[in-house]
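Coordinate inspection notes
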Amino acid sequence: MKKILNFLSSNTRQVIETVALVIVFIAPFFVDLQEMFKEYLESDPLTPDNFIWHFAIKGGKYFASIILFIAVLIVIRRINQEYVMNSKRVYHNYSYAWYWFCAKVLGIQKCNLALVPIYTQFRLAINGTFCDYPLDETEYPVIENEPDSKVTQINWDNHNSEINLILEDTYVISERQIPKVKRRLKTIKVSRNNGDDRSGHFSQVFINKITNCVRGLEGGSIINVFATTNPMNTIHIARRAFGSGERGNVKHLYVFQQGNSKKWLFKERGKKIF
């Protein structure tokens with residue numbers, strides 16, 4: 001129940017708009033439009049400016065339903081152009097289908113990725129579901145004179161095409177946090193820091209290092225991502241390392257989510273992105 005209430009409170013606008021679309025679509029099947037708008041039809045003769053509404057009223061229930069739905073949808077999409085989804089400071093754990101509906105149907109063009117599960121961040125960024133993912137850049141300042149990110153290769157004698165990609169950004173990741181079934185796999189660990197700096201930073205060096213590592217993999221690789229990246233870095237990593245134009249050597253991408261226990265263990269199964 002709490003999850004449902006959180007969803008409704010964070011998506012009130014979208015829920016109301018969706019209900020409105022449903023109502024205008026089914027309303028013509030329950031009311032007599034010609035009788036309801038009898039005075040309008042008599043007082044406003046057919047003209048080029050109002051012919052759509054005349055046809056909607058006189059054309060029958062199915063025609064009226066479609067016309068009303070399209071008209072209301074156009075208004076909704078227009079008023080949603082500058083709206084930013086996920087602006088409320090709560091955890092936004094929603095299905096990708098809901099995000100797709102909000103972007104492609106309701107016309108929302110901007111989505112905040114803060115407090116969004118990292119696998120959803122990857123999916124939204126890679127698919128370009130929204131036009132823009134605005135973030136407060138002051139929360140992720142650039143590090144001046146940043147040292148090079150460290151790359152460590154583990155189990156490299158394993159010839160399996162499945163590879164772990166561990167991305168240490170805000171927090172370091174220990175072996176015990178990785179699911180046991182994945183620990184023996186070939187692994188690349190890219191580290192921005194050694195755990196001393198837990199603040200969120202935008203790191204071009206970190207992003208470039210990850211991108212180069214991914215591009216250097218053999219064709220047909222299956223990648224398991226275990227990451228503690230902040231949303232600003234995640235967007236750039238997803239787009240540049242795994243975007244449609246750069247993922248020819250990556251057959252499948254799985255992103256693993258950390259649990260919320262004190263040990264911050266990654267879940268046993270990853271979410272398939274593509």
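Counting its regular elements, the protein contains 10 helices and eight strands. Taking all 274 residues of the protein together, 43% fall into the buried category. Across the protein, contacts joining residues at least 24 apart in sequence account for 72% of those joining residues at least 6 apart. Taken as a whole, the protein presents about 15400 Å² of accessible surface, with 56% of it coming from carbon and sulfur.

Among the residues of helix α7 (residues 96-105), Trp98, Tyr99, Cys102 and Ala103 are the ones counted as buried. Buried residues along α7 cover an arc of 125° about the axis, so they all sit on one side. As for α7, its buried residues are in contact with α1 (2-10), α2 (12-26), α6 (61-79), β1 (84-85), β2 (110-111) and α8 (118-127). Glycine 107 sits one or two residues past α7 and shows a positive phi near 80°.

Let's shift gears to the environment of valine 15. By the secondary structure assignment, valine 15 is in helix α2. We classify valine 15 as partly exposed; its relative accessible area is 22%. As for valine 15 and cysteine 102, which are separated by 87 residues in sequence, their C-alpha atoms are 9.7 Å apart. Excluding residues that lie within four positions of it along the chain, valine 15 makes contacts with Phe7 and Leu8.

About the cut-offs
- Residues numbered from 1 in each chain as written.
- Predicted model: local features only at pLDDT ≥ 70, side-chain atom pairs only at ≥ 80, totals over all residues.
- Heavy atoms only, no water.
- Helix = DSSP H or I, 4+ residues; strand = E, 2+ residues; numbered from the N terminus.
- Buried < 20%, exposed > 50% of the residue type's maximum accessible area, 1.4 Å probe, protein only.
- Contact = heavy atoms within 4.5 Å.
- Areas by Shrake-Rupley, 256 points an atom, 1.4 Å probe, with all protein chains shown as cover.
- Arc of directions from axis to C-beta.

Interpretation in functional terms is not warranted from these geometric data alone.
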